[in-house]
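Tertiary structure, described
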Amino acid sequence: SGVDGIICAVVLYENEWLYTVDVVPPEVLEILLPREYHQTGLLELLGPVLVLWTWQSFVKNCLWSAWLDNQGALHSLLKGSSLAPEMNYLVGQMWLVLSQWQSALYLERVESVANVVDGPTRHEIAHMERLGAKWCRPQWPEFVHKIWSPRVMQ
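On a predicted model such as this, the values are computed, not experimentally measured, just so you know.

Details of the side chain of Ser-103
Along the chain, Ser-103 falls in the loop between helix H5 (85–100) and strand E4 (104–109). Among the polar contacts listed, one links the side chain of Ser-103 to the side chain of Trp-64, at a separation of 2.8 Å. Setting aside its immediate chain neighbours within four residues, Ser-103 contacts Val-59, Asn-61, Cys-62, Trp-64 and Leu-98.

Looking at the packing of aromatic side chains
Within this structure, the stated rule accounts for four aromatic pairs. Judged by centre distance (3.7 Å) and plane angle (5°), the ring pair of Tyr-13 and Phe-58 falls under stacked. With Tyr-13 in strand E1 (residues 6–13) and Phe-58 in helix H3 (residues 56–59), this residue pair connects regions lying 45 residues apart in the sequence. Residue classification places Tyr-13 among the partly exposed positions, given a relative accessible area of 30%. Ring geometry for Tyr-89 against Phe-143: centres 6.4 Å apart, planes inclined by 85°, an arrangement best described as edge-to-face. Pair noted here: Tyr-89 is in helix H5 and Phe-143 is in the segment after strand E5 (134–135), with a separation of 54 residues, a long-range link.

What counts as what
Residues numbered from 1 in each chain as written. Predicted model: local features only at pLDDT ≥ 70, side-chain atom pairs only at ≥ 80, totals over all residues. Heavy atoms only, no water. Helix = DSSP H or I, 4+ residues; strand = E, 2+ residues; numbered from the N terminus. Polar contact = N/O pair within 3.5 Å; in protein donor to acceptor, adjacent residues only side chain to side chain. Contact = heavy atoms within 4.5 Å. Phe/Tyr/Trp six-rings, centres within 6.5 Å; stacked < 30°, edge-to-face > 60°. Buried < 20%, exposed > 50% of the residue type's maximum accessible area, 1.4 Å probe, protein only.

What follows is the structure, encoded as structure tokens:
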């Protein structure tokens, strides 16, 4: 949810539903270039990043899939870059980590009406409860706080 800066990630692992919901750290939102659409694309891109860190033990050395309903975020991940500098940085960092962890990521589009993460980003967790999903504490990589670090931009 771009307006509130809320992000959610849902995982099905060994027949168990897991989810996490968090507000993107304010210091991250403050450093982003101003956009009139509430950073929706960047927030959607942060979903797989949140999965990567929150469930590291699940994604290391394996193949996993991510379903995104934002075309810009999806295609940035697929091609490995973005015209938006912050998204380009995050995409690059994500692929570097995937490579280091020997993790293969399969990406696909999900229609917005079928996207299970939309409810929790709008303060609605009834669907998570129906799934019996277990909440997990969100974990963020340090690199999301360093988008404009001089060391990074060299």
